[in-house]
Amino acid sequence: MDLGVRWKLHGDGRTPAPGAVVRPDERLSWPRTAGLGAQHVVAMFGASFVAPVLMGLDPNLAIMMSGVSTVIFLLATRGRVPSYLGCSLSFVGVAAVIRAQGGSSATVTGAVFVVGVVLFLVGLAVRRFGARIIHAAMPPVVTGAVVMLIGFNLAPVTAATYWPQDQWTALLVMLFTGLAVVCLRGFWSRIAIFLGLVFGYGISWVLDLVLGRIHSVDASGKLTDHWRLDLSGVGSADWIGLPAFHGPSFEWSAILVALPVVIALVAENAGHVKAVGEMTGDSLDDKLGTAISADGVGSMLSTAVGGPPNTTYSENIGVMAATRVYSTAAYWAAAGFALLFGLCPKFGAVVAAIPGGVLGGITVILYGMIGLLGAQIWLNAGVDLRNPLNLVPAAAGIIIGVGNVTMKFTDTFSLSGIALGTLVVITGYHALRAMAPAHLKSQEPLLDEGTSSYGQRAKS
């Protein structure tokens with residue numbers, strides 16, 4: 001059985017030939033491949049470490065399980081789809097909602113485990129029936145609206161939790177990160193979030209030296225005098241050790257909040273497979289279902305031991321585009337580095353010490369970018385919001401999701417925010433479509449039998 005773990009040496013093993021690319025089944029020399037693997041890990045550091053911290057989960061376990069999930073993905077796709085799997089930011093909002101309802105870390109991982117199961121089943125369905133079933137259930141107007149409300153639902157978390165801890169540091173980090181995203185080029189622009197975190201650490205340290213403690217709310221919401229950067233946990237952490245594991249706990253209320261994220265993950269995977277196919281020149285339409293299922297299995301395994309869910313990372317697509325190296329050998333190297341980082345508790349303690357003000361500046365941009373990915377889905381698919389069939393369900397669902405509107409059905413069961421907004425978008429769209437006149441139903445699909453039509457209208 002070909003597992004995609006054999007690679008031919010590309011050229012002299014040093015650099016790609018002019019105009020050539022290093023294909024997934026090729027590699028450069030092993031030292032260069034290892035260096036590229038380290039580069040991929042750094043590219044996903046910013047977002048993939050911020051996400052578990054925001055979710056209240058162990059960052060050491062997050063990075064270790066991202067390596068495990070990447071290995072599962074590469075084996076499942078037989079080495080044809082180069083990809084790194086890191087902690088998905090789409091889950092940050094649902095984790096915040098679950099914790100606001102009194103849920104624990106086990107409740108969060110239990111809800112996300114169910115999402116992984118559903119994602120796995122969606123992948124199997126796509127393999128059996130083709131990508132048309134995605135469009136049938138989740139056309140672009142629905143997918144874009146759900147991704148948008150998931151991102152913008154996070155705005156109160158930044159405004160009420162992180163920004164007040166140190167508003168001036170948050171402002172400086174926001175400005176620096178924004179400049180890094182816009183002004184830097186190539187690989188450096190891909191790690192702008194990571195650079196923002198490093199800048200925030202430095203600013204917080206300098207302000208502590210110059211101004212002393214700050215009088216503001218701390219991470220628990222209590223108004224007190226505290227250091228912006230508290231590294232006390234770093235000194236006591238071991239250099240080598242296993243992260244903290246815990247089992248999931250399943251509660252229906254939390255599961256219902258988390259399930260809408262499946263829509264965002266399917267959209268992420270479809271876009272990733274399409275983008276990699278275009279860059280490598282290989283049609284990967286036949287691997288879409290496998291990629292989605294592998295994503296689900298990786299998330300199931302990670303959350304089963306207390307880690308966050310994992311999904312394909314766009315930051316790593318940028319690294320491949322910049323280097324022209326699509327070798328899956330580099331991703332095996334990246335997975336190895338991730339496993340090593342996960343076994344270093346001191347490294348995790350450094351990540352866990354990210355100051356609240358720094359997270360405030362980062363999340364202003366990060367959460368907004370998540371929400372606007374929904375708008376990008378609309379643009380790529382040519383969604384016409386002048387069409388009331390598209391406009392009405394999207395508008396209603398987004399306002400419900402962003403505003404955390406609540407529908408109470410019984411004393412013990414209610415739906416609100418992300419879950420209710422998603423339900424309104426999906427059921428509203430399909431119900432209205434069933435009753436709408438024929439001239440309102442001419443919207444073209446996001447995906448055809450494969451993924452070949454994705455994004456073409458945006459380029460034309």
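What counts, and where the lines are drawn
Residues numbered from 1 in each chain as written. Predicted model: local features only at pLDDT ≥ 70, side-chain atom pairs only at ≥ 80, totals over all residues. Heavy atoms only, no water. UniProt positions renumbered as here; feature names shortened; annotations may be inferred. Patch = residues over 30% accessible without salt bridge, like charges linked within 9 Å, V, L, I, M, F, W, Y side chains within 5 Å. Areas by Shrake-Rupley, 256 points an atom, 1.4 Å probe, with all protein chains shown as cover. Salt bridge = Lys/Arg side-chain N within 4 Å of Asp/Glu carboxyl O. Helix = DSSP H or I, 4+ residues; strand = E, 2+ residues; numbered from the N terminus. Buried < 20%, exposed > 50% of the residue type's maximum accessible area, 1.4 Å probe, protein only. Axes fitted to C-alpha atoms, helices over the stretch in contact; angles between N-to-C directions. Parallel < 35°, antiparallel > 145°, perpendicular 65-115°, else oblique. Left-handed = near helix turned anticlockwise from the far one by under 90°. Contact = heavy atoms within 4.5 Å. Nonpolar A, V, L, I, M, F, W, Y, C, P; charged D, E, K, R; others polar. pLDDT = per-residue confidence, 0-100.

Going by an unreviewed UniProt entry, the protein carries the name Nitrate reductase and comes from Streptomyces aurantiacus. Under the UniProt heading Sequence similarities (unreviewed entry), the entry covering the protein gives this text: "Belongs to the nucleobase:cation symporter-2 (NCS2) (TC 2.A.40) family." Within the UniProt record for the protein, the comment given under Subcellular location (unreviewed entry) is "Membrane".

A. Structural context of a nonpolar patch on the surface. A cluster of nonpolar residues, Trp205, Val206, Leu209, Val210 and Leu211, forms a patch on the protein surface that exposes about 550 Å² of accessible area. Looking at the element boundaries, Leu209 is found in helix α10 (residues 192-211). A residue is classified by how much of its surface remains accessible, and Leu209, at 59% relative accessible area, is exposed.

B. Up close: the packing of helix α6 (residues 140-152) against helix α20 (residues 417-435). Closest axis-to-axis distance for the α6/α20 pair is 10 Å, and the angle between their directions is 165 degrees. Taken together, the axes of α6 and α20 are roughly antiparallel relative to one another. Handedness of the crossing formed by α6 with α20: right-handed. Judged by residue contacts, Val141, Val142, Ala145, Val146, Leu149 and Ile150 of α6 engage Ile418, Gly421, Thr422, Val425, Ile426 and Tyr429 from α20. Among the residues forming the contact of α6 with α20, the class breakdown is 10 nonpolar, two polar and no charged.

C. Fine view of the confidence of the model for the protein. Overall, the prediction assigns the protein a mean pLDDT of 82, with 90% of residues at 70 or greater. Across residues 444-460, confidence stays below pLDDT 50; counting only partners more than four residues off in sequence or on other chains, it has 41 contacts.

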